[in-house]
Amino acid sequence: MKQRMNLAQLDPAAYKAMRGLEEYMAQSELDILLKELIKIRASQINGCAYCIEMHALKARENKETEKRIYAISAWRESPLFSEEERAALQLTDELTRLGEEGVKDETYDQAVSIFGEKKLAQIIMQIITINGWNRFAVSTRMTHKS
């Protein structure tokens, strides 16, 4: 598969705006491994190989286990994830696959009870940010250098 375009070179202002979201997320109080779980899961749903590879590597660098990385795609059936992680992954699934129903009240209520509103706002922004990056990478067919 050949990269279609280098959007960062063609429209640096758009890339800078996306980087701004990423810089905001880097300053959030969310745990790095929770961020990477969210990024990997949304990227799996969106079929973004570029982002899956990048965030699996970052998760490993931050001491995430191979076993848990492999289990993210089947997180509902896996006993490897905490209640907090499961709530974030459920929200990631629903917000990434945003349909007519949107995010279920049950999902939102559970997440706010676990995280509180401020942390939940940061989780929502993390999900929005990775979905933006996924669309950036998939539409332009970004690939890693081998």
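Parameters and conventions
- Residues numbered from 1 in each chain as written.
- Predicted model: local features only at pLDDT ≥ 70, side-chain atom pairs only at ≥ 80, totals over all residues.
- Heavy atoms only, no water.
- Helix = DSSP H or I, 4+ residues; strand = E, 2+ residues; numbered from the N terminus.
- Buried < 20%, exposed > 50% of the residue type's maximum accessible area, 1.4 Å probe, protein only.
- Contact = heavy atoms within 4.5 Å.
- Areas by Shrake-Rupley, 256 points an atom, 1.4 Å probe, with all protein chains shown as cover.
- Phe/Tyr/Trp six-rings, centres within 6.5 Å; stacked < 30°, edge-to-face > 60°.
- Salt bridge = Lys/Arg side-chain N within 4 Å of Asp/Glu carboxyl O.
- Axes fitted to C-alpha atoms, helices over the stretch in contact; angles between N-to-C directions.
- Parallel < 35°, antiparallel > 145°, perpendicular 65-115°, else oblique.
- Left-handed = near helix turned anticlockwise from the far one by under 90°.
- Nonpolar A, V, L, I, M, F, W, Y, C, P; charged D, E, K, R; others polar.

(A) Here's a closer look at the overall build of the chain. Per the secondary structure count, the chain includes 7 helices and 0 strands. Reading the helices (α) and strands (β) of the chain from amino to carboxyl end gives α-α-α-α-α-α-α. Along the first, second and third principal axes, the C-alpha set of the chain runs to 45 × 30 × 30 Å. Counting only residues that meet the buried cut, the chain has 39% of its 146 residues in that class. The long-range share in the chain, meaning contacts at least 24 apart out of those at least 6 apart in sequence, stands at 70%. Here the chain displays about 8,500 Å² of accessible surface, and carbon together with sulfur accounts for 53% of that area.

(B) Focus on the packing of aromatic side chains. Evaluation of the coordinates by the stated rule reveals 3 aromatic pairs. Centre to centre, the rings of Tyr15 and Phe136 are 5.8 Å apart; their planes meet at 50 degrees, and the pair counts as tilted. In this pair, Tyr15 sits in helix α2 (residues 12–26) while Phe136 sits in helix α7 (residues 105–140), placing the two residues 121 residues apart along the sequence. Judged by centre distance (5.3 Å) and plane angle (65 degrees), the ring pair of Trp133 and Phe136 falls under edge-to-face. Residue Trp133 and its partner Phe136 are both found in helix α7; the two are separated by 3 residues, about one turn of the helix. One aromatic cluster in this structure is built from Tyr15, Trp133 and Phe136.

(C) Spotlight on the pattern of salt bridges. Counting across every chain of the model gives 10 salt bridges. The salt bridge involving Arg68 is made with Glu64; its shortest N-O contact spans 2.6 Å. Arg68 gets classed as buried once you look at its relative accessible area, which sits at 14%. In this structure, Lys119 engages Glu84 in a salt bridge whose closest nitrogen and oxygen atoms are separated by 3.9 Å. Separated by 35 residues along the polypeptide, Lys119 in helix α7 and Glu84 in helix α6 (residues 83–96) bring together distant segments of the chain. Since its relative accessible area comes to 31%, Glu84 is described here as partly exposed. Through salt bridges with shared partners, one network takes in Arg41, Arg76, Asp93 and Arg97.

(D) Spotlight on the packing of helix α3 (residues 32–46) against helix α4 (residues 49–61). Relative to each other, α3 and α4 sit at 160 degrees, their axes nearing to 9 Å. Here α3 is positioned roughly antiparallel relative to α4, judged by the angle of their axes. At the point where α3 passes α4, the crossing takes the left-handed sense. For the pair formed by α3 and α4, the contact residues are Leu33, Glu36, Lys39, Ile40, Ser43 and Gln44 on the first element and Cys51, Ile52, His55, Ala56, Lys58 and Ala59 on the second. By residue class, the composition of the contact of α3 with α4 is 6 nonpolar, 3 polar and 3 charged.

(E) Highlighting unusual backbone geometry. Even without being glycine, Lys63 reaches a positive phi, approximately 75 degrees. With respect to the helices, strands and loops of the structure, Lys63 is situated in the loop between α4 and α5 (66–71).

(F) Molecular detail of the environment of Lys58. Tracing the backbone through its elements, the reader meets Lys58 in helix α4. In this structure, the C-alpha to C-alpha distance between Lys58 and Ile32, residues 26 residues apart in sequence, is 9.1 Å.

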